[in-house]
Amino acid sequence: MNKGATLLFYRIHTRKINTLISTRFRSRCLKATATPHAWLTHQKNKYQFHTNLTQIEGMIKVHLAKLTLDREALDTDMRYISESEKVDAERRMKVEAAEAEQTALAKIESEREKARLKAEEKKRIADERNRLISPILSILLMT
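Please read these numbers as outputs of a predicted model, since none were measured by experiment. (Residues numbered from 1 in each chain as written. Predicted model: local features only at pLDDT ≥ 70, side-chain atom pairs only at ≥ 80, totals over all residues. Heavy atoms only, no water.)

## Comments concerning the overall build of the protein
Here is step 1 of the chain: The secondary structure content of the protein amounts to four helices and two strands.
Here is step 2 of the chain: In sequence order, the protein lays out its α and β elements as β-β-α-α-α-α.
Here is step 3 of the chain: Looking at the protein residue by residue over its 143 residues, the buried ones come to 19%.
Here is step 4 of the chain: Contacts spanning at least 24 positions in sequence make up 33% of the contacts within the protein whose residues lie at least 6 apart. (Helix = DSSP H or I, 4+ residues; strand = E, 2+ residues; numbered from the N terminus. Buried < 20%, exposed > 50% of the residue type's maximum accessible area, 1.4 Å probe, protein only. Contact = heavy atoms within 4.5 Å.)

## Remarks on the packing of helix α1 (residues 36-45) against helix α2 (residues 47-65)
Working note: a packed helix pair is described by the angle between its axes plus the distance between those axes.
Here is step 1 of the chain: Remark: α1 packs on α2, axes separated minimally by 5 Å, with the N-to-C direction vectors making an angle of 95°. If you check the angle between α1 and α2, you find them roughly perpendicular. Of the residues in α2, those touching α1 at W39, H42, Q43, K44 and N45 are Y47, F49 and H50.
Here is step 2 of the chain: Counted by class, the contact of α1 with α2 contains three nonpolar, four polar and one charged residues. (Axes fitted to C-alpha atoms, helices over the stretch in contact; angles between N-to-C directions. Parallel < 35°, antiparallel > 145°, perpendicular 65-115°, else oblique. Nonpolar A, V, L, I, M, F, W, Y, C, P; charged D, E, K, R; others polar.)

## Points about the pattern of salt bridges
Here is step 1 of the chain: Here the structure, examined in full by the defined rule, presents four salt bridges.
Here is step 2 of the chain: One salt bridge connects E121 with R124, and the closest N-O pair in it is separated by 2.5 Å. Here R124 and E121 lie together in helix α4 (residues 84-142), a separation of three residues that amounts to about one turn. (Salt bridge = Lys/Arg side-chain N within 4 Å of Asp/Glu carboxyl O.)

## Some thoughts on the confidence of the model for the protein
Here is step 1 of the chain: For the protein, the average pLDDT comes to 79, and 74% of its residues sit at 70 or higher.
Here is step 2 of the chain: Taken element by element, the predicted model of the protein shows its lowest mean pLDDT in strand β1 (residues 5-13) (65) and its highest in α4 (88). (pLDDT = per-residue confidence, 0-100.)

## What about helix α3 (residues 71-82)?
Here is step 1 of the chain: Compared with an ideal rise of 1.5 Å per residue, which puts twelve residues at 16 Å, α3 spans 17 Å between its outermost C-alpha atoms and is within 8% of the ideal.
Here is step 2 of the chain: Along α3, the residues classified as buried are L74, M78, I81 and S82. Projection of α3 onto a plane perpendicular to its axis shows the buried side chains occupying an angular sector of 95°, all on one side. (Expected span 1.5 Å × (residues − 1). Arc of directions from axis to C-beta.)

## So, the nonpolar core
Here is step 1 of the chain: Among the nonpolar cores identified, the biggest contains six residues, and these are I56, M59, I60, L74, M78 and I81.
Here is step 2 of the chain: For this core, the elements supplying multiple residues, two or more each, are α2 and α3. (Core = buried A, V, L, I, M, F, W, Y, C linked by side-chain atoms within 4.5 Å.)

## A short note on the environment of M78
Here is step 1 of the chain: Within the secondary structure layout, M78 lies in helix α3.
Here is step 2 of the chain: A residue is classified by how much of its surface remains accessible, and M78, at 1% relative accessible area, is buried.
Here is step 3 of the chain: Separated by 25 residues in sequence, M78 and L53 have C-alpha atoms that sit 9.8 Å apart.

## Observations concerning the packing of α2 against α3
Here is step 1 of the chain: Interaxial distance between α2 and α3 falls to 10 Å at its minimum, and their mutual angle equals 165°. Judged by the inter-axis angle, α2 sits roughly antiparallel to α3. Viewed along their axes, α2 and α3 form a crossing whose handedness is right-handed. Every residue of α3 that contacts α2 at N52, Q55, I56, M59, I60 and H63 is listed here: A73, L74, D77, M78 and I81. (Left-handed = near helix turned anticlockwise from the far one by under 90°.)

## Comments concerning α2
Here is step 1 of the chain: When the terminal C-alpha atoms of α2 are compared, their 27 Å separation across 19 residues agrees well with the 27 Å that a helix rising 1.5 Å per residue should span.
Here is step 2 of the chain: All of the buried residues along α2 are F49, H50, N52, L53, I56, M59, I60 and H63.

See below:
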C-alpha cells in the first residue's frame, strides 16, 4: 500500500445484501481517531477527505435504495470519488475501444455489402449474356 494512503472498508449488511466494499484515499488519519479532539481537528484540516467520506456514504444509500444492488456500478462510483483521474481515463479507454469496435464492424459490414453487390452484378451480367445467347443457340440447334 502506498505511504499516506488509507484503505477504508464499508460493510453493507441488510436482509438481502451482505457485502464488503473498500476504497483507497490519500490521507493520513492514523492518529485522527485517537481522541474526539483529534478527530475534530482532522475534520477541520482535511475537509476534502471528509467531504469524500460523506459523498461515499450518500452514494451507498442511493445504491441501496435501488431494487437491486449493482456491485460493479457501486465500485466504479466509489473509485470515481477517490481516484477520479484514473476512472475518467478508464472510461475514455472503454469508450474509445467501443468506438473502434463499432468502426471495425461497420467496415466489415460494408465489405460484405460490396461483395454482395459485386456478386449480384456478376449474376446479372451472366443472366443478360444467357438471355442474349439463348435465342441464337436455339436458332443454331434448329437448323
